[in-house]
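# A structural walkthrough
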Amino acid sequence: GYGGLQPIINIPTEQTPDKDGKSVDPKAHILIYKDEYFRPSQLNSLEVNFSHYAAYGKLNLRNAPEGVESYILDINGNKYIINSSRTTDVWFACEPAEVVENMSVIVNAAAGAYTKKIVDNGSRELKFDKGAVSKFTVNMEGIAAEEGDAGTPLTFPANTYMWDTI
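Attention in this report is confined to the structure presented alongside it. (Residues numbered from 1 in each chain as written. Predicted model: local features only at pLDDT ≥ 70, side-chain atom pairs only at ≥ 80, totals over all residues. Heavy atoms only, no water.)

### Quick word on the overall build of the protein chain
- A count of helical and extended segments in the protein chain gives zero helices and eleven strands.
- When the helices and strands of the protein chain are read in sequence order from the N terminus, they spell out β-β-β-β-β-β-β-β-β-β-β.
- Residue burial in the protein chain is summarised as follows: out of 166 residues, 40% are buried.
- Across the protein chain, the fraction of contacts at a sequence separation of at least 24, relative to all contacts at a separation of at least 6, is 69%.
- Accessible surface for the protein chain amounts to roughly 9500 Å². Of this, 48% is attributable to carbon and sulfur atoms. (Helix = DSSP H or I, 4+ residues; strand = E, 2+ residues; numbered from the N terminus. Buried < 20%, exposed > 50% of the residue type's maximum accessible area, 1.4 Å probe, protein only. Contact = heavy atoms within 4.5 Å. Areas by Shrake-Rupley, 256 points an atom, 1.4 Å probe, with all protein chains shown as cover.)

Laid out in structure tokens, this is it:
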């Protein structure tokens, strides 16, 4: 245990996921020890359990701008810089969020920044559960460089949004 104290754990605000699109930044893959009570007789065969501290996301872009350089994700006020030029399988770690009240995705590309504000459209709930992967697609169609979107709803087709447990 932690002697009654809670550790201070910070998910990195700047992340560089695997260049092949297979995993999050290793610094953002945070595991914590699950506090359990052990009897002295169990110490010869001690089994230690860990759980994930962070929630994980896997972002795909549809109609991506040319020359993607990086991303800025704002999820309920928590901002993350994702250093990736990929437009599919862009992994990131974030604070768990049962409800995503507001989220924006800024795509930094050769021609400038493209901002997509994501709002709840009522069809499927977006959330980030601890230890789970939220896969979703953001359609950048019609978004101009240097201009923000007013809040066009993001849709979650069945084949682009699902939960997987790591």
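### Side note on the sheet that holds strand β9 (residues 112-118)
- The five strands are arranged β1-β6-β5-β8-β9 in an open sheet whose pairing can be described as mixed. Edge positions in the sheet fall to β1 (14-15) and β9, since each has one partner strand and no second.
- Inspection of the sheet shows strand β5 (residues 68-75) paired to strand β6 (residues 78-82) by five bridges, in the antiparallel sense. Residue pairing for β6: D74 is matched across the bridge by K79. (Pairing = 2+ DSSP bridges.)

### Quick word on the nonpolar core
- Within the largest apolar cluster, 37 residues are counted, with the highest numbers of intra-cluster contacts made by L59, Y71, F92, M103, V105 and F128.
- With five residues, the top contributor of residues to this core is strand β7 (residues 90-94).
- Setting aside residues up to four positions removed in sequence, V105 forms contacts with L59, Y71, I72, L73, Y114, T115, K116, I118 and V138. (Core = buried A, V, L, I, M, F, W, Y, C linked by side-chain atoms within 4.5 Å.)

### What to know about the packing of aromatic side chains
- Within this structure, the stated rule accounts for three aromatic pairs.
- Here F128 and F136 contribute two aromatic rings whose centre-to-centre distance is 6.2 Å and whose plane-to-plane angle is 75°, an arrangement assigned as edge-to-face.
- By relative accessible area, which is 1% here, F128 ends up buried.
- In this structure F136 comes out as buried when scored by relative accessible area, which is 0%.
- Following the ring pairs from residue to residue traces out a cluster consisting of F92, F128 and F136. (Phe/Tyr/Trp six-rings, centres within 6.5 Å; stacked < 30°, edge-to-face > 60°.)

### Side note on a nonpolar patch on the surface
- On the surface, L31, V48 and F50 cluster together into a nonpolar patch covering about 280 Å² of accessible area.
- Summarising the element assignment, L31 is placed in strand β2 (residues 31-33).
- Exposure remark for L31: the relative accessible area of 46% places this residue in the partly exposed category. (Patch = residues over 30% accessible without salt bridge, like charges linked within 9 Å, V, L, I, M, F, W, Y side chains within 5 Å. Salt bridge = Lys/Arg side-chain N within 4 Å of Asp/Glu carboxyl O.)

### Regarding the pairing of β6
- In this sheet, β6 lies alongside β1 in parallel orientation, the contact comprising two bridges. Across the sheet, residue Q15 finds its bridge partner in β6, namely I82.
- Once β5 ends, the chain turns through two residues before running back antiparallel as β6, passing N76 with a positive phi of about 55°.

### Looking at the pattern of salt bridges
- Considering all chains together, one arrives at three salt bridges under this definition.
- For D89, the salt bridge goes to K58, with nearest N and O atoms at 3.7 Å. With a gap of 31 residues between them, D89 in the loop between β6 and β7 and K58 in strand β4 (residues 55-62) connect regions that are remote in the sequence.
- On the basis of relative accessibility, which here comes to 24%, the residue D89 falls in the partly exposed class.
- Residue K58 is classed as buried on the basis of its relative accessible area of 14%.
- Among the ionic pairs, K127 bridges to D129, the shortest N-O distance being 3.8 Å.
- What makes K127 partly exposed here is its relative accessible area of 24%.
- The exposure class assigned to D129 is partly exposed, which follows from its relative accessible area of 27%.

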